[in-house]
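One letter stands for each residue in the lines below.
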Amino acid sequence: MPDIAYLRLPAVLDRRPWLPVSLFFSLLLLLGLWVYSDYGLSIDENQSRDNGMISLKHVLQRFDPDLALWDPAFGPYTVPLSEHYDRDYGVMFEAPVCYVERLLRLETTRERFLFRHLATFLVCWGGCLAFFQLARRRFSSWKWGLLGTLWLVLSPRLFADFFYNDKDAVFMALFAVATNTGVRLLRRPSLRTAGWHALACAVTIDVRIMGVLLPAATLALLLVRVLYGEVRASKALVVSLVYGGLTTGLVVALWPYLWSAPLHNFLLAWRNMSVFRWGGEVLYFGKMRAATSLPWHYAFVWMGITTPLLYVVPFLLGLVVVIRQIILRLRAGGLRLWATEQEMQDVLFLGLWLVPLLAILILKSVVYDGWRQLYFLYPAALLLALRGAWSLWHWRPAAGWAQYWPRLLAGVTLVSMGSIAVQMVRAHPLQNVYFNLLAGKDVPHRFEMDYWGVSYRQGLEYVLAHDERPRITFNAPMPSPAAFNVLILPPRCKTGLYLWMISTKPIITSRLTGSMPKTTSSRTRKCIR
């Protein structure tokens, strides 16, 4: 496969690709370590930590009861796991992070959640590394691998979520890791690749149960490879049995909720995920709509208006290219979906993007807060976008300026990436409210903005920087992470802040404009010290 020939690099870098790759990921790591403490707290983060602490206490009561008994941090968690409202949440990220938190003796809210932000970023950094390996392997080029990873990092909403979204961003990163191990297994089936893929899949499933798509896709494509004569049936059978047994055992072992009744609780968790228990409203095209009755195009529209156009256009082209490629292979005879390992990977990436979307439409699953529950589709979508970009790169117009086409395409891409980077720097740390031009005008009145309330921290910091009074009273609609964000401020900033809490019936959040809801409210004053 031709490389990106026109992107000339110093000879030492071209001969030693590990140098630019190591430099890129080192700089990305340093960037994360520099900015992870800039982000506010979302309304869900404390709930996520509660889930982790309750599951961790359940585990410690079996294996280290002294720690669960004598550590005061576990004191407030008196409800057993079997009675906890969110007991069916996967805690493979939450519980280990809580355990390390207790080992480090982090006692203040600021210490605990800044550490969680750091841990969230480190997992997402690992996901970027896995994505690089996927792209490099698919296009046989470390340059294309770095380009794809740059596109992943230069995705404004995802970049912000890399630090505080311990649900969707972590799941996306682990899904990329498991996809990477899955491709390795499909290309070279062995007990070793089966073991690593089983571990990656189990961890992914135990963060969010939708991860079961990966074992299903792996076994389905492995079966197809057997039917095509690409893998011996006996070898595939042994690998499948080992992989399936390890995955099942690890899923149960790493998810405390399943211990008491593995099959029953797993099916219950799946059913609850399919029709999630959230009945709120979302702002969509200027109207408040119930999350349980959103139109079918909700997720597609949100993907389209919050992804940089630089990636949307080649994605659409890549989608057409891959589907056309599959049709041509089928027409050639033998019911073959691919002719090479690269084409097999295209089929996998297309399936990992398309099948979950079809499942959501068929099951009528609840999707809200934009498309964050579907972030795990993004790596596959970007790989399809790279396929479209690769086709554009190797296409040549018939006109006489064909020789200038690669330079023109490279120039447009670099300028667009630079523009996205500038927007991200200017918006920092609020990249989470990025919209592209397709969103149209008056976006705050048409679509949800800061639905998790992470910008309360920046609001409080602004007030403290411009108001010198020793006592400052502020208000916020409830439920709100406003008081929560006070606790992540440096200690010197908290003194004198008073929160005038607004309780509304029915509960209304300020997702639209940040203004106070016009409802009759009962007010209680609370001092945040």
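Here is what the cut-offs are and how they apply
Residues numbered from 1 in each chain as written. Predicted model: local features only at pLDDT ≥ 70, side-chain atom pairs only at ≥ 80, totals over all residues. Heavy atoms only, no water. Pairing = 2+ DSSP bridges. Helix = DSSP H or I, 4+ residues; strand = E, 2+ residues; numbered from the N terminus. Phe/Tyr/Trp six-rings, centres within 6.5 Å; stacked < 30°, edge-to-face > 60°. Salt bridge = Lys/Arg side-chain N within 4 Å of Asp/Glu carboxyl O. Buried < 20%, exposed > 50% of the residue type's maximum accessible area, 1.4 Å probe, protein only.

Asks: Help me understand the pairing of strand 2 (residues 287-290) in this model?
Replies: Note on strand geometry: in a regular strand, side chains alternate between the two faces of the sheet. Relative to strand 2, strand 1 (residues 281-284) runs antiparallel, the two sharing 4 bridges. When the bridges of strand 2 are listed, Tyr284 appears paired with Lys287. If you look at the hairpin formed by strand 1 and strand 2, you'll find 2 residues sitting between the two strands, and Phe285 has a positive phi there, around 55 degrees.

Asks: Before we go on, may I ask you to explain the packing of aromatic side chains in this structure?
Replies: A ring pair, where both rings are aromatic, is described by two values, the distance of the centres and the angle of the planes. Applying the stated criterion across every chain yields a total of 33 aromatic pairs. A centroid spacing of 5.4 Å and a plane angle of 70 degrees characterise the contact between Phe159 and Phe163, whose relative ring orientation is edge-to-face. A residue pair is termed a helical-turn pair when its members lie 3 or 4 positions apart in one helix, as Phe159 and Phe163 do in helix 8 (residues 156-164) at 4 residues. Linked through ring pairs, Tyr39, Phe121, Phe159, Phe162, Phe163, Tyr164, Tyr451 and Trp452 together constitute an aromatic cluster.

Asks: It is not clear to me how the pattern of salt bridges should be interpreted in this structure. Could you clarify?
Replies: Charged atoms that come close allow side chains of opposite charge to pair. In the structure shown here, the tally under the stated rule is 23 salt bridges. Where Arg105 meets Asp71, a salt bridge forms, and the shortest distance between an N and an O atom there is 3.2 Å. Separated by 34 residues along the polypeptide, Arg105 in the loop between helix 5 (94-103) and helix 6 (109-139) and Asp71 in the loop between helix 4 (65-70) and helix 5 bring together distant segments of the chain. Looking at Asp71, the relative accessible area reads 2%, which means it is buried. With its nearest N and O atoms 2.8 Å apart, the salt bridge here joins Arg188 to Glu341. In this pair, Arg188 is assigned in the loop between helix 9 (168-187) and helix 10 (191-205) and Glu341 in helix 16 (residues 341-363), connecting sequence segments 153 residues apart. Its relative accessible area of 22% is what places Glu341 among the partly exposed residues. Each member of the salt-bridge network shares a partner with another, and the members are Arg49, Asp71, Glu101, Arg102, Arg105, Glu107 and Arg112.

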